[in-house]
Amino acid sequence: MEGSYGIGEKRIMEMHMDIDNLLRLLIDTSHKKGQALERFLELTSLQANLIKAGNLDTLMTVIDERQGVISLINDIDLVFLENYNKLKKALGIQSIEEMDTNAHPLLKDLKNNIEHIMKILKEIDHLDKMNTNNLKIDLEHVKDELKKIKIEKQSSKLASAYKNKYAGAQGMFVDNQNKKY
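Predicted model, so just to flag it, every value in this text is computed and none were measured. (Residues numbered from 1 in each chain as written. Predicted model: local features only at pLDDT ≥ 70, side-chain atom pairs only at ≥ 80, totals over all residues. Heavy atoms only, no water.)

J.: I keep staring at the overall build of the protein and nothing clicks. Help me out?
T.: From N to C terminus, the protein includes three helices and zero strands. The N-to-C order of helical and strand elements in the protein reads α-α-α. Out of the 181 residues in the protein, the part that is buried amounts to 24%. Considering only residue pairs separated by 6 or more positions, the protein has 71% of its internal contacts joining residues 24 or more positions apart. Of the roughly 13,500 Å² that the protein leaves accessible, carbon and sulfur atoms contribute 58%. (Helix = DSSP H or I, 4+ residues; strand = E, 2+ residues; numbered from the N terminus. Buried < 20%, exposed > 50% of the residue type's maximum accessible area, 1.4 Å probe, protein only. Contact = heavy atoms within 4.5 Å. Areas by Shrake-Rupley, 256 points an atom, 1.4 Å probe, with all protein chains shown as cover.)

J.: Would you explain the nonpolar core in this entry?
T.: As a rule of thumb, nonpolar side chains are buried together in soluble globular proteins. If you look at the biggest cluster of nonpolar residues, it comprises 16 residues, and the most contacted ones within it are A36, L37, L41, V69, I73, I120 and I124. Of all the secondary-structure elements, those providing two or more residues to this core are α1 (2-53), α2 (56-91) and α3 (106-178). The contact partners of L41, leaving out residues within four places of it in the chain, are I120, E123, I124 and L127. Residues L23, I27, I96 and L110 belong to the second largest nonpolar core, which totals 14 residues. (Core = buried A, V, L, I, M, F, W, Y, C linked by side-chain atoms within 4.5 Å.)

J.: Just to check I follow, could you spell out the pattern of salt bridges for this structure?
T.: Any two side chains of opposite charge can pair if their charged atoms end up close together. Applying the stated criterion across every chain yields a total of eight salt bridges. Of the charged contacts, one joins E97 and K111 as a salt bridge, the two residues approaching to 3.7 Å between their closest N and O atoms. Of the two residues, E97 is situated in the loop between α2 and α3 and K111 in helix α3; the sequence distance between them amounts to 14 residues. A relative accessible area of 57% places E97 in the exposed class. By relative accessible area, which is 22% here, K111 ends up partly exposed. Look at the salt bridges and you will find they share partners, linking R39, E42 and E65 into a network. (Salt bridge = Lys/Arg side-chain N within 4 Å of Asp/Glu carboxyl O.)

J.: Looking at this structure, how should I read the side chain of Q47?
T.: Tracing the backbone shows Q47 in helix α1. For Q47, a relative accessible area of 7% gives the class buried. In this structure the side chain of Q47 is engaged in a polar contact, spanning 3.0 Å, whose partner is the side chain of R66. The contacts of Q47, once residues within four sequence positions are left out, are L59, V62, I63, R66 and N131. (Polar contact = N/O pair within 3.5 Å; in protein donor to acceptor, adjacent residues only side chain to side chain.)

J.: Before we go on, may I ask you to explain the environment of I76 in this structure?
T.: Its place among the elements puts I76 in helix α2. When sequence neighbours within four positions are dropped, the list of residues in contact with I76 reads T29, K32, K33 and A36.

J.: Help me understand a nonpolar patch on the surface, please; the structure alone is not making it clear to me.
T.: On the surface, L139, V142, L146 and I149 cluster together into a nonpolar patch covering about 360 Å² of accessible area. As for its placement among the helices and strands, V142 is situated in helix α3. (Patch = residues over 30% accessible without salt bridge, like charges linked within 9 Å, V, L, I, M, F, W, Y side chains within 5 Å.)

J.: Would you mind going over α2 with me for this structure?
T.: In an α-helix there are 3.6 residues to a turn, and that puts residues three or four apart on one side. Helix length check: α2, at 36 residues, gives a terminal C-alpha distance of 51 Å against a target of 52 Å (1.5 Å per residue), a fit within 8%. The complete set of buried residues in α2 reads L59, V62, R66, V69, I73, I76, F80, N83, Y84, L87 and K88. (Expected span 1.5 Å × (residues − 1).)

Right under this line is the structure:
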């Protein structure tokens, strides 16, 4: 009996080590996501400045770089999700909220990383909404300017066509007035 107890205890320790290893992987992955999101936030802030300055060439470069960071974040999310599902299966839980932080002290670090990620995501969301609004305003200004140019061109064409069509008519009108009936 004593020997089987030792085997069970050993298995529990191995399982605990596996869980700690998964938690370390999740902490590392969430840390990498946090770093990627910080870069994304920097790019979003830079994007806001470029929109205000009207620097569309550099804006396009920043948008391309943001897309690269999004791809990186998607890859990180896949790794995180895979390990998160392994952790939930190993513990027989639905969410890390069900885990005891006393039994798994590393969980505190993971939760801190997730809180940090959520904070950055809120900042990004706020800046993205501002950027979208500023772009809409700029687009409306461009539309208004294009309408003005179009109207000016149409007016110019109309005046030119009228002038060309009736250029001789003025002389005829004057000539006809000078004739005595």
